[in-house]
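Understanding the architecture of this molecule
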Amino acid sequence: MGRVSRRAFAVAALSAFTMVPPASAAPKEDVTKEGKGGGDRAASAMRGVWLATVANRDWPSKPGLSASKQRAELRKHLDTAVSRRLNTVFFQVRPTADALWPSPYEPWSQYLTGTQGKDPGWDPLGTAVEEAHARGLQLHAWFNPYRVATHADPSRLAASHPARRNPDWVVTYGGKLYYNPGLPEVRAFVQDAMLDAVRKYPVDGVHFDDYFYPYPVAGQSFDDDAAYDEHGGGFPSRAAWRRDNINKLVRETAGRIKKVRPTARFGISPFGVWRNAATDKRGSDTRAGVQTYDDLHADTRKWVRESWIDYIVPQLYWNIGFAAADYAKLVPWWAEVARGTSTQLYVGEALYKAGDPAQPAAWQNPAELSRHLALAENYAQVRGHVFFAAKDVATDRIGAMARVVADHYE
């Protein structure tokens with residue numbers, strides 16, 4: 001979520017499943033629970049959109065545009081968010097160990113000019129924060145912590161790239177380059193690189209996506225043998241050590257954000273299935289082929305239960321009634337996980353699927369997403385929704401976003 005869309009794995013991850021039992025009725029909850037009345041809840045609800053820059057998914061429309069054209073496109077996306085009555089933009093500013101601001105740590109992103117390291121002649125993140133706030137929008141800076149490149153050739157990176165200066169930090173896997181999460185020096189570096197932006201700009205939030213250890217590739221193993229030999233002592237398994245590495249990243253980042261910019265909120269948008277109930281009785285009634293706990297070594301449930309993060313946005317990119325991962329079953333599962341914690345729950349919505357002929361019949365119905373929001377209103381813990389992604393909000397292929405706005409945001 002190839003990675004023309006960071007959500008591509010949402011379909012692939014469910015390729016190995018069996019049918020689940022018919023959905024039971026979702027329990028109705030009193031929306032006045034947990035200290036908020038229905039009116040207050042609606043007024044404070046998250047209405048977000050992801051603005052993806054990796055592979056020029058949403059913005060800029062192509063690399064190499066003039067600074068004035070890039071600014072104009074960015075402003076248009078923000079104007080569209082306002083017109084759709086959204087209130088928050090999640091702006092991807094570090095898609096591949098690079099930067100959309102003048103960073104002393106990493107090179108300028110290739111998605112701006114077509115050449116990694118080339119100065120675009122303006123400051124996209126600084127402009128985005130200023131322009132978003134001028135429109136009454138919040139701006140969350142979205143970072144991908146460990147992905148270095150969507151190819152496997154280090155020589156294609158900018159000569160100054162930290163991955164070239166520190167080749168022992170890098171693991172090649174699945175035709176891509178990643179920083180090794182098992183190295184303490186890598187964990188410290190990626191935090192320093194990301195927090196540079198948080199220190200420099202009045203961002204409203206810091207946002208991680210669903211990539212921690214990479215999604216599994218059949219027949220390949222992530223080669224962290226040396227790091228495990230050096231740092232894995234005392235853990236019962238390599239998997240436990242890997243989860244601890246990611247837990248440390250989350251806890252340390254959260255603590256440092258509070259010191260650097262106490263008003264900024266820290267949140268994560270993981271793949272929507274923590275574990276299947278067949279694997280763990282605490283898991284969801286799903287049959288997903290990927291489980292974040294086991295495959296990405298991301299204990300997303302723990303982060304919520306321990307209130308390590310301010311908000312979580314699980315990517316529930318499946319329709320109501322989908323056998324392997326039913327939206328109507330996952331919403332109550334996540335609501336129960338968030339119950340009693342200080343972590344706010346928002347739901348990630350697959351607007352990009354609406355009207356896509358490759359998707360199941362449910363996604364050809366403009367009302368599917370509106371039905372999602374109506375269902376989620378029954379759970380007090382759900383504090384809003386975030387839509388993937390900006391280009392789809394703008395084009396709104398079959399009017400699904402317009403239906404959401406008419407039914408829920410008027």
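Before reading further, recall that the structure is shown in the block above.
Below, the structure is looked at part by part. Just so it is clear, the model here is predicted, and its values are computed rather than measured.

The number of helices and strands found in the protein chain is 15 helices and eleven strands. By residue count, 59% of the 410 residues in the protein chain fall in the buried class. For the protein chain, the accessible surface area stands at approximately 15300 Å², while carbon and sulfur atoms represent 50% of it.

What follows covers the packing of aromatic side chains. Scanning all chains against the criterion turns up 25 aromatic pairs. Residues W169 and F189 carry aromatic rings whose centres are separated by 5.3 Å and whose planes lie at 50° to one another, so their mutual orientation is tilted. In this pair, W169 sits in the loop between α6 (162–165) and β5 (170–173) while F189 sits in helix α7 (residues 184–200), placing the two residues 20 residues apart along the sequence. Classification of F189 by relative accessible area gives buried; the value is 12%. Look at Y173 and F222: their rings are 5.9 Å apart centre to centre, the planes differ by 70°, and that puts the pair in the edge-to-face class. Of this pair, Y173 sits in strand β5 while F222 sits in the loop between β7 (205–208) and α8 (225–231), and the two are 49 residues apart along the sequence. When sorted by exposure, Y173 lands in the same class as F222, which is buried. For R243, the ring lying beneath its charged end belongs to Y293, and the centroid distance is 3.9 Å. Across from the ring centre of W308, 4.9 Å away, lies the NZ or CZ of R251, which sits over that ring.

We now examine helix α15 (residues 400–409). Within α15, burial applies to A400, M401, V404, V405 and Y409. Along the axis of α15, the buried residues cluster in a sector spanning 140°; they form a single face. Turning to α15, the residues buried within the fold contact β1 (46–51), α13 (368–376), β11 (382–388) and α14 (390–395).

Tallied over the entire structure, the rule returns 23 salt bridges. Between D244 and K248 there is a salt bridge, with the nearest N and O atoms lying 3.2 Å from each other. On the criterion of helical spacing, the pair formed by D244 and K248 is a turn pair, its members being four residues apart in helix α9 (residues 238–260). We classify K248 as partly exposed; its relative accessible area is 28%. The partner of K258 in a salt bridge is D310, and the shortest N-O contact between them spans 3.0 Å. Here the residue K258 occupies a position in helix α9, and D310 occupies one in the loop between α11 (300–305) and β9 (311–312), the gap between them amounting to 52 residues. For K258, a relative accessible area of 36% gives the class partly exposed. For D310, a relative accessible area of 22% gives the class partly exposed.

Nonpolar side chains in soluble globular proteins tend to end up buried together. In this structure, F91, F143 and Y179 are the most contacted members of the largest nonpolar core, which totals 125 residues. Top element by residues in this core is helix α12 (residues 327–338). It accounts for nine residues.

What follows covers the pairing of strand β3 (residues 138–143). The buried fraction of β3 is high, at five of six residues. Here six bridges tie strand β2 (residues 88–94) to β3, and the two strands are oriented parallel to one another. By the bridge assignment for β3, R94 is matched with F143.

Conventions used here
Residues numbered from 1 in each chain as written. Predicted model: local features only at pLDDT ≥ 70, side-chain atom pairs only at ≥ 80, totals over all residues. Heavy atoms only, no water. Helix = DSSP H or I, 4+ residues; strand = E, 2+ residues; numbered from the N terminus. Buried < 20%, exposed > 50% of the residue type's maximum accessible area, 1.4 Å probe, protein only. Areas by Shrake-Rupley, 256 points an atom, 1.4 Å probe, with all protein chains shown as cover. Phe/Tyr/Trp six-rings, centres within 6.5 Å; stacked < 30°, edge-to-face > 60°. Lys NZ or Arg CZ within 6 Å of the ring centre and 35° of its normal. Arc of directions from axis to C-beta. Contact = heavy atoms within 4.5 Å. Salt bridge = Lys/Arg side-chain N within 4 Å of Asp/Glu carboxyl O. Core = buried A, V, L, I, M, F, W, Y, C linked by side-chain atoms within 4.5 Å. Pairing = 2+ DSSP bridges.

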